[in-house]
Every structure is written in C-alpha cells, then in structure tokens.
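# Working through the structure, step by step
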Amino acid sequence: MAMAWIWTAMIAFSVIFGLLSGNIDAVGASALDGAAAAVTLCIAICGATMLWSGIMEIMRQAGLAQKLSKSFRPVLNKLFPQTRENEDAMEALSANVSANLLGLGNAATPLGIRAASEMAKMTKRKTASDDLCMLVILNSASIQLIPATVAAVRASAGASAPFDILPAVWITSVTSLVAGITVSKLLRRFSKRGDRD
Amino acid sequence: MLYSLIVPLIICAVAVFALHKRVDVFAALTTGAKDGLNVIIRILPPLVALLTAVYMLRASGALSALENLLTPVLVRLGIPPETATLIFIRPFSGSGALAVGSEIINTYGADSHIGRVTAVMLGSTETTFYIIAVYFGAVGIKKTRHAIPSALSADLVGFIVASITVRLFF
C-alpha cells in the first residue's frame, strides 16, 4: 500500500504545485510524455539487461556462485555469531550473498528469506535478533559486482565507457555497507532492552 | 582502453571457463536472457506509472523547488543538488529510482559529473524499505529494532561517498 500513497501524493502534489505556479499546462502535457519515456527506457536497456542476465546464468551454472559462497563463509561467521552453528541458515545466507554479488536478484531473495526464517526460528520472538537485523542490512546494501542495469542506462544515454564507474561503485558499496554494519553494532547496545517482548 | 576491455574480457572468460566445466554455454545464456526479459517486463508497468508522476512533478516546478530546499544541506555534504529527487525516492521504490536516475543521466549526460554520481548512487544503494518489508514481513517480525536506522545510514553514507569517489576517479 505504501506505493499507492507515494504515487498519489506525487500526482496530487504536481497538480497543486502546477496550479499555484501557473505551470499546469506543462503538467498536463508531460503526463503522457512520461508514460512514453518509460517504454523508451525499457527498450533502451532491454538488450544489455538480457545479455548480462545471460552471462550471470552461465556463471551460476559453472558453479561460480558456490565458489563465492564458500569464500564468504569466514566473514559471515564473524558477522552472524548467533547463527554460526546453524548449518542450514549459514548455507542459505552465503548463497544469498553470492547471488546478490552476481546480481541474481530473483535467486537472492528466496535464499535470504530461508536464512531469515531459520534465524527467526532460533529466537521464537516477534522482535528482530541482532543477526536478523544484520541480514537485512546486508541485503539493503547493494553489493553486486556488475551493476548491469545502471550500465545499460548509461550506455543508452551515450556514455563513452558505460563500465568506467565500476571502481567507484565498488568502493561506494563497500563503504556504505561498512557504515551500516558499524551503526548497527553501535545501536544494538541501546536497543538491547527491546530484545524481550 | 582498460574499460573497453572489461566487457569482452568478462564475457569471454566466463564462456571459456563454463565450457571447460561442461556447461551448455549457449543454453545458459539464452535461459538467463529470458530471465532478463522477464525483469524488464516486470519493471515496465511501475516504470510507466512512476515516470508519469516524475514528469508531472518536474513540469509543475515541484522538483526544482525540492532541489532548492535541499541544496544548502546537499552542498555541505558534497552531493550535487540535482540528485535530490533520487535520494528522496531511492529507499522507497526501485523502479522509481531507476525512473528518476535515468532522467537525470539523460538530462545532464552520462559522462557528466552529475550523471556519473547518479549512476554510482543507483549502483551502490538498494530499495531499503522494500527489503525490510519483504524480509521482516516474510518471517513475521514486528519489532525491527536498529535495522531501519542502520540501513538508512548505510544509504546516506553511500550517497556522500558516491560524490567523493566520482570526484576522485574522474
């Protein structure tokens, strides 16, 4: 329902603002332009998106995802101390992380939810455990190796080298993830009391 | 030169490695491509809805008003004020962010500073509230404790660092 509110607010706001600023004619004309632009954008990025999805599928079938999963286990064991002993949860979790890295969003979410329900089973509460919060933070930080959609948008806008933003994206992603983890480690001390319900 | 090598090199390396592992590379490629097509088909309807709203907002002058309002804060953080709308919508809607982001990239140019910062922001942040809703909703968690503030701080740091890294690299 959240999107219903946001979208209606956007439309209502632009009508009211358009009336007040005298731009209402332009508002009317631009509505259909926006709808058409959505189709143009999708067509522009369709080919590149399909190609990269294909490459990622090859990587997955070649077992690259499992290899990535294995290499992340030591780090994940440190980040998820309460779950470390639960083999099912850790397996789903590392598969979730490697699917995210390869940009396989469709595969990542069910794996992440499997890990989350294992974690929720361990606490049997309606309050999120530290590990469950960490899982959400990990998934809400984008950690994909190749941001294919963004590169496709850049390519369609005439970028000379659509992938030249890769190092900047990697550094930014890692920094923001580290910031998220740090803030959660600081905050969990203060929200300890909420642990019991 | 280096970056024009990345794409063909990745594709070639992946194909050779997978063939070595006895993967039917071509079938895998087309299977994955079909998934990609499904993704595009899935995002088109919300994209139509959201780009309509974004175009209307821009034409009404509301977006530039929002930009003006946020400019003092964003400039202090080193973030280009033109990205204000993107920062606003990013945690709520993935297709909304794609809609706004591609608009900014097309308006200012893919190789401009603003265009690059926008692309890095898009590529290094996620739809935080959606992720929180999906995960906590799926396992029936009511009290989310520090998850939301931590995830949002990660986004904020991402927005700031995006501007810094683009300045460093380009």
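Look above for the structure.
Counting restarts for each chain, with residues numbered from 1 along the sequence as it is written. Chains carry letters from A onward and ligands carry numbers from 1 onward, assigned in written order. Two thresholds apply to this predicted model, a pLDDT of at least 70 for residue-level local features and 80 or more for giving and counting side-chain atom pairs, whereas whole-chain, interface and lining totals are computed over all residues. Side-chain measures were taken over the full set of non-hydrogen atoms in the model, leaving aside hydrogen atoms and water.

## Remarks on the overall build of chain B
Formally: Numbering goes from the N terminus for both helices and strands, where a helix is a DSSP run of H or I of at least four residues and a strand is a run of E of at least two. Only protein chains enter the accessibility calculation, which uses a 1.4 Å probe. A residue is then buried if its area is under 20% of the maximum for its type, exposed if over 50%, and partly exposed in between. For every accessible area listed, the method is Shrake-Rupley and the probe measures 1.4 Å; residues are considered covered only by the protein chains on display. For the charge count, each Lys or Arg is scored as positive and each Asp or Glu as negative, with His and the chain ends excluded. All charge positions are set by atom: Lys at NZ, Arg at CZ, Asp at CG, Glu at CD.
A count of helices and strands for chain B gives eight helices and zero strands. Across its three principal directions, the C-alpha atoms of chain B cover 55 × 50 × 30 Å. Buried positions account for 50% of the 170 residues belonging to chain B. Per element, the accessible surface of chain B, about 7600 Å² overall, is 71% carbon and sulfur. Of the side-chain charges in chain B, 12 are positive and 8 negative, and the distance between the mean point of each set is 10 Å.

## Digging into the environment of Asp131 of chain A
Residue and element names in this part refer to chain A. Rules: Two residues form a contact once any of their heavy atoms are found within 4.5 Å.
Examined against the element boundaries, Asp131 turns out to sit in helix H6 (residues 130-140). When its relative accessible area of 1% is taken as the criterion, Asp131 is described as buried. When the C-alpha atoms of Asp131 and Phe80 are compared, they prove to be 5.4 Å apart, with 51 residues separating the residues in sequence. Filtering out sequence-adjacent residues up to four positions away, Asp131 remains in contact with Leu79, Phe80, Pro81, Gln82, Thr83 and Met119.

## Quick word on the nonpolar core
Cut-off, in case you're wondering: Residues belong to one nonpolar core when they are buried, are Ala, Val, Leu, Ile, Met, Phe, Trp, Tyr or Cys, and are joined through side-chain atoms within 4.5 Å.
Judged by nonpolar contacts, the single largest core of 54 residues is most densely connected at Phe80, Leu93, Leu132 and Leu135 of chain A together with Phe136 of chain B. With 51 residues, the next largest nonpolar core counts Cys42 and Ala168 of chain A together with Ile40 and Leu50 of chain B among its residues.

## Quick word on the interface of chain A and chain B
Using the following cut-off: Once two parts are put together, the accessible area they lose, assessed with a 1.4 Å probe and summed over both, is termed the buried area. The salt bridge definition used is simple: a Lys or Arg side-chain nitrogen within 4 Å of an Asp or Glu carboxyl oxygen. Polar contact is the term for a pair of N or O atoms within 3.5 Å; when the atoms are in protein, one must be able to donate a hydrogen and the other to accept it, and sequence-neighboring residues count only if both atoms are side-chain atoms.
Each partner contributes to the interface: chain A provides 98 residues, whereas chain B provides 86 residues. The junction of chain A with chain B conceals about 7600 Å² of combined surface from both sides, 77% of it contributed by carbon and sulfur atoms. A salt bridge links Arg116 of chain B to Asp164 of chain A, with the shortest nitrogen-to-oxygen separation between them at 2.8 Å. Our enumeration of links across chain A and chain B arrives at 18 residue pairs in polar contact (both at pLDDT 80 or more).

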